[in-house]
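Examining the three-dimensional arrangement
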Amino acid sequence: MPVEEFVAGWISGETFFFLLSHHPQWWITSWGRLASSAWREGPHSLHLLVTTGALGLVLGHPFDTVKVRLQTQNTYRGIVDCMVKTYRHESLLGFFKGMSFPIASIAVVNSVLFGVYSNTLLVLTATSHQERRAQPPSYTHVFIAGCTGGFLQAYCLAPFDLIKVRLQNQTEPRAQPGSPPPQYRGPVHCAASIFQEEGPRGLFRGAWALTLRDTPTLGIYFATYEWLCRQSTPDGQNPSSATVLVAGGFAGITSWVTATPLDVIKSRMQMAGLKQREYQGMLDCMVSSARQEGLGVFFRGLTINSARAFPVNAVTFLSYEYLLHSWG
Ligand SMILES: CN(C)C(=N)NCCC[C@H](N)C(=O)O
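So, how was this worked out
Residues numbered from 1 in each chain as written. Predicted model: local features only at pLDDT ≥ 70, side-chain atom pairs only at ≥ 80, totals over all residues. Heavy atoms only, no water. pLDDT = per-residue confidence, 0-100. Helix = DSSP H or I, 4+ residues; strand = E, 2+ residues; numbered from the N terminus. Contact = heavy atoms within 4.5 Å. Near = heavy atom within 4 Å. Polar contact = N/O pair within 3.5 Å; in protein donor to acceptor, adjacent residues only side chain to side chain. Areas by Shrake-Rupley, 256 points an atom, 1.4 Å probe, with all protein chains shown as cover. Expected span 1.5 Å × (residues − 1). Bend = angle between axes of the 7 residues up to and from the residue. Axes fitted to C-alpha atoms, helices over the stretch in contact; angles between N-to-C directions. Parallel < 35°, antiparallel > 145°, perpendicular 65-115°, else oblique. Nonpolar A, V, L, I, M, F, W, Y, C, P; charged D, E, K, R; others polar. UniProt positions renumbered as here; feature names shortened; annotations may be inferred. Buried < 20%, exposed > 50% of the residue type's maximum accessible area, 1.4 Å probe, protein only. Phe/Tyr/Trp six-rings, centres within 6.5 Å; stacked < 30°, edge-to-face > 60°. Left-handed = near helix turned anticlockwise from the far one by under 90°.

Some remarks on the confidence of the model for the protein
Do not read the fine detail of predicted coordinates wherever pLDDT is low. Across the protein, pLDDT averages 82, with 78% of residues at or above 70. Per-element confidence in the protein is highest for helix α9 (residues 207–231), whose mean pLDDT is 97, and lowest for helix α2 (residues 24–29), whose mean pLDDT is 36. pLDDT under 50 marks residues 15–35. Its contacts with residues more than four places away, or in other chains, come to 48 contacts. This model gives residues 41–54 a pLDDT under 50, and the stretch forms 19 contacts once residues within four places in sequence are excluded. In the predicted assembly, ipTM is 0.97 and pTM is 0.83.

This is the structure:
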């Protein structure tokens, strides 16, 4: 099993926005050279990539917080209203609630996703990453491998995602003397409280909706990426950095557009019993949400999530591809 697929997934999971936050001209042209020279230069520069990559998640997190709040709370009239209210009541810090667990888990989650995807393709097509440009896999194989990666990553992601969503939904301002403290004091307290109150299964609340969200949409994610790369690359050649960025960005948007209805249900199931009413199950959540708020409820957070998905996934694919090429 090619271990480098997991390592590339790990590192690309940590490099979101790294170059966006430094020199925008670099990430279009020479991210590959930078990543491969970082690898050759050894652990020190890789460490630099990993730590600065965390900055990417920090920059993307405010968009995610607005998305989660729009999906689970009915107090906002739209993106701007949510931003203004969050800023007024909670200051800039409000946008960064629940960020530490995603930072801690992104490397694990992405290495499972990209590693399982790539190894499933290896099993299905008997071609390694290096051979795949000369002998491209069929879209059916790409789709199946993506679904398999999505299915397995969902289980790694579920507890981290639950804690993120619970913390993002705490709208209390920073603790003032005399004011009631928020329900959760931080991610560890949140995890411990859920564990104590509901047992280990409680940490997997919403996991079914998450699995149903990620299994087909990650198939779509990888198939879109492959299709866009092949459209703009001569046969047998590797796609250019610009192609990888654009294909990765659009793959992110396409998969999130298709994932949004179940993303809304997943977030609501994760909040059930707290700010939301309890649901009998996923179907009950879907039906009662649609009855009370109309079909538009299934597209809440779509715009802001698409804006976030393009840069995040463009850079993820670029770093993943180039790390693999620089080793191969
Ligand atoms: C539609 N889905 C679930 C995905 N495309 N997931 C894979 C990309 C996840 C990336 N860290 C992001 O947050 O966009």
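Remarks on the site of the ligand
The ligand sits among 12 residues. The nearest are Asp214, Ser255, Trp256, Arg308 and Asn313. Separating an oxygen atom of the ligand from a side-chain N or O atom of Trp256 is a distance of 2.9 Å. Separating an oxygen atom of the ligand from a side-chain N or O atom of Arg308 is a distance of 2.6 Å. Within the complex, 91% of the 390 Å² of free accessible area of the ligand lies under protein. When residues of the shell around the ligand are traced back to their parent elements, those giving at least two are α9, α10 (241–271) and α12 (302–327).

A look at helix α6 (residues 100–125)
Between its terminal C-alpha atoms α6 stretches 38 Å, which fits the 38 Å expected from 26 residues at 1.5 Å a residue. Its maximal kink placed at Ile106, α6 deviates by approximately 45°. Positive phi appears at Ala126, one or two residues downstream of α6, with a value of about 55°.

Describing the packing of helix α7 (residues 139–168) against α10
At their nearest, the axes of α7 and α10 sit 10 Å apart, and the two run at 75° to each other. The pairing of α7 with α10 is recorded here as roughly perpendicular in orientation. Across from Ala158, Asp161, Leu162, Val165 and Arg166 in α7, the residues of α10 making contact are Lys266, Ser267, Gln270 and Met271. In terms of residue class, the contact of α7 with α10 is made up of four nonpolar, two polar and three charged.

Section: the UniProt feature "transmembrane region" (unreviewed entry) in the protein
UniProt records the feature "transmembrane region" (unreviewed entry) at residues 95–118 and 138–158, using the numbering of this structure. For the annotated span residues 95–118, helix accounts for 79% and strand for 0% of the residues, and the straight-line distance between the end C-alpha atoms is 34 Å. A helix fraction of 95% and a strand fraction of 0% characterise residues 138–158, whose end C-alpha atoms lie 30 Å from each other.

Concerning the environment of Ser100
Mapped onto the elements, Ser100 comes out in helix α6. Judged by relative accessible area, Ser100 falls into the partly exposed class, the value being 38%. In sequence terms Ser100 and Phe160 are 60 residues apart; their C-alpha atoms lie 9.6 Å from each other.

Topic: unusual backbone geometry
Positioned with a positive phi, Ser91 is a non-glycine residue whose angle comes to about 65°. Mapped onto the secondary structure, Ser91 falls in the loop between α5 (79–90) and α6. Of the residues examined, Ser91 reaches a relative accessible area of 32% and is grouped as partly exposed.

Focus on the side chain of Gln270
Within the secondary structure layout, Gln270 lies in helix α10. On the basis of relative accessibility, which here comes to 1%, the residue Gln270 falls in the buried class. Setting aside chain neighbours within four positions, we find Gln270 in contact with Ala158, Asp161, Leu162, Val165, Arg166, Arg205 and Gly206.

Quick word on the packing of aromatic side chains
Here the structure, examined in full by the defined rule, presents 11 aromatic pairs. Taking 5.9 Å as the distance between ring centres and 70° as the angle between the ring planes, the aromatic pair formed by Phe101 and Phe160 counts as edge-to-face. With Phe101 in helix α6 and Phe160 in helix α7, this pair connects stretches of sequence that are 59 residues apart. Ring centres of Phe114 and Phe222 lie 5.6 Å apart, and the angle between their planes is 80°; on these two criteria the pair is classed as edge-to-face. A residue pair is termed long-range when its members are at least 10 positions apart, and Phe114 in helix α6 and Phe222 in helix α9 qualify at 108 residues. A residue is classified by how much of its surface remains accessible, and Phe222, at 1% relative accessible area, is buried.

Side note on the packing of α6 against α9
Taken N-terminus to C-terminus, the directions of α6 and α9 make an angle of 65°; their axes are 12 Å apart at the nearest point. One element, α6, and the other, α9, form an angle in the roughly perpendicular class. Considering how the two elements wind past one another, α6 and α9 form a crossing that is right-handed. On α9, the residues touching Leu113, Phe114 and Tyr117 of α6 are Leu218, Tyr221, Phe222 and Glu226. Class assignment for the residues of the contact of α6 with α9 results in six nonpolar, no polar and one charged.

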